[in-house]
Amino acid sequence: MEAASVPARAGEENEPKKRPLSERARSERRLGWLLCAPAVLAMLLVTAYPIIYAFVLSLQRLDLRFPDEREFVGLSNYVDVLTSSLWWTDVANTLGVTLVSVTIEFVLGMAIALLMHRAIFGRGVVRTSVLIPYGIVTVVAAFTWQFAFQPDTGFVNQLPFVADDMNWFGDRFSAFFVIILAEVWKTTPFIALLLLAGLTTIDDGLYEAAKVDGANAVQRFFRITLPLMKPAILVALLFRTLDAFRVFDSIFVMTRGSVDTESVSILGYNQLIARLNLGLGSAVSVLIFLAVLMIAILFVKGFGTSVPGKDQR
C-alpha cells in the first residue's frame, strides 16, 4: 500500500503550488471589482429585472382586454404554449431559417475573410465595400428585398429566367427563400469581419513551414487555419446563431408571419402586442430566452474542449 502511494505523492510534489496573492494584488483586485460595479449594476437593471418580471407575468392569466380576470395560474401558460402545434411549427420555422442562413453565411464569410486578408492591393476598398450591407438598418434592408421581389414593383420578375407572375410571398418556401436571402446578404459581412480578426492572429511562418513540408492549400486550410481560428469561429457562429434564432424584422416586414412563415419572435409579438395577452406572451418570451441560453451553452461546450490554449488536464 505504501509503495502504491509513493507515485501519487511524487506527482503531488511536482504540481506547481498556487502562490498566495500579495497585498498589492488583492488591493488591485478589489479596485477592479469596484470599477466594474456600476456597469454590473446597470446590466442587472436593464437585463435581469425585465427577465424576472417577464417570468412573474408568465405565471398569471393576464389579458389586458379583460383586466378583471387576472389571476395566478402557475405553469399553465407554459403548458398551453408547449402543447400548441403553432409553437412547434414556429420553432421549426425558426430553426430552419437559423440553420440554413448561418451555414451559408459562415461559408461565404470565410471566403470573404480570406479574400480580404490576402488582398494584395485595394484592401481598404474591398473591406469597406463588403461591410456596406451590414451598415444598413435591418428594416430598411427587409423593405428593399420585399420591393425587389414584389410582382408589380420589383425587378426580379423581369429577369429572363423568372416567371412574370411569380408571387414570391404567396408560397411558404419561396417566401422563406427571400427571407433567408435577405438575412444572408445583410449579416454575412458580420461573420466575415469576425473571421478576419481571427485570421490576423495566425503566424504566417506556420504556412511557410507547412509549404516546406509539402502541404497543399487545402491541407494548410484544414490543418492550420481552421484549428487556430476556432475561438473566432466560436464567437462568430455563437453571436450570429443567437441573432438568427430571434429573427423578427425580415419576417415581419415581408410576410408578417403569413403562409406559415411565423417565427417564435413573431408569435411572442402577436401575443403581447396584437392580442394584449401578457401571460401567454411572457411565457413565449421566457421560452425564447431559455432556448437562446441553451444554444449558447451548447456552443461553448462544443467548442470549449478544442479552443487553443485551453487547459486539457
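The structure displayed is predicted, hence computed values, not measured ones.

Here's the deal with the overall build of the protein
Along the backbone of the protein there are 14 helices and 2 strands. Buried residues in the protein amount to 37% of all 313 residues. Look at the contacts in the protein between residues 6 or more apart in sequence, and 66% of them connect residues 24 or more apart. Carbon and sulfur atoms provide 67% of the accessible area of the protein, an area that totals close to 19500 Å².

Overview of unusual backbone geometry
Backbone geometry places R256, a non-glycine residue, at a positive phi of 55 degrees. For R256, a relative accessible area of 54% translates into the label exposed.

Quick word on the confidence of the model for the protein
Per-residue pLDDT for the protein has a mean of 84; in total, 89% of the residues score no lower than 70. Note on residues 1-8: pLDDT under 50 across the span, and 1 contact to partners over four residues away in sequence or across chains.

Some details on the packing of aromatic side chains
Across all of its chains, the model carries 12 aromatic pairs by this definition. Ring centres 5.9 Å apart and planes at 65 degrees place the aromatic pair W145 and W185 in the edge-to-face group. Of this pair, W145 sits in helix α7 (residues 138-149) while W185 sits in helix α8 (residues 172-199); the two residues are 40 residues apart in sequence, bridging distant segments of the chain. Here the aromatic residues W145, F149, W168, F177 and W185 are joined through ring pairs into a cluster of three or more. Seen from the ring of F252, R256 lies directly overhead, with NZ or CZ sitting 4.2 Å from the centre.

Notes on the environment of Y207
For Y207, the location among the structural elements is in helix α9 (residues 204-212). C-alpha of Y207 to C-alpha of A217: the two residues are 10 residues apart in sequence and 9.2 Å apart in space. When neighbours within four sequence positions are excluded, Y207 is seen to be in contact with R118, I202, R220, I224 and T225.

Observations concerning the pattern of salt bridges
Within this structure, the stated rule accounts for 7 salt bridges. Between R65 and D63 there is a salt bridge, with the nearest N and O atoms lying 2.7 Å from each other. We note a salt bridge from E105 to R240, for which the minimum N-O separation is 2.5 Å. With a gap of 135 residues between them, E105 in helix α4 (residues 85-118) and R240 in helix α11 (residues 230-245) connect regions that are remote in the sequence. The pair formed by E105 and R240 is uniform in burial state, with each residue classed as buried. Connected through shared salt-bridge partners, E105, E183, R240, D243 and R246 make up one network.

Points about α7
Across its 12 residues, α7 extends 17 Å between first and last C-alpha, which sits within 8% of the 16 Å expected from 1.5 Å per residue. Here the buried face of α7 lies against α8 and α12 (249-254).

Calculation notes
Residues numbered from 1 in each chain as written. Predicted model: local features only at pLDDT ≥ 70, side-chain atom pairs only at ≥ 80, totals over all residues. Heavy atoms only, no water. Helix = DSSP H or I, 4+ residues; strand = E, 2+ residues; numbered from the N terminus. Buried < 20%, exposed > 50% of the residue type's maximum accessible area, 1.4 Å probe, protein only. Contact = heavy atoms within 4.5 Å. Areas by Shrake-Rupley, 256 points an atom, 1.4 Å probe, with all protein chains shown as cover. pLDDT = per-residue confidence, 0-100. Phe/Tyr/Trp six-rings, centres within 6.5 Å; stacked < 30°, edge-to-face > 60°. Lys NZ or Arg CZ within 6 Å of the ring centre and 35° of its normal. Salt bridge = Lys/Arg side-chain N within 4 Å of Asp/Glu carboxyl O. Expected span 1.5 Å × (residues − 1).

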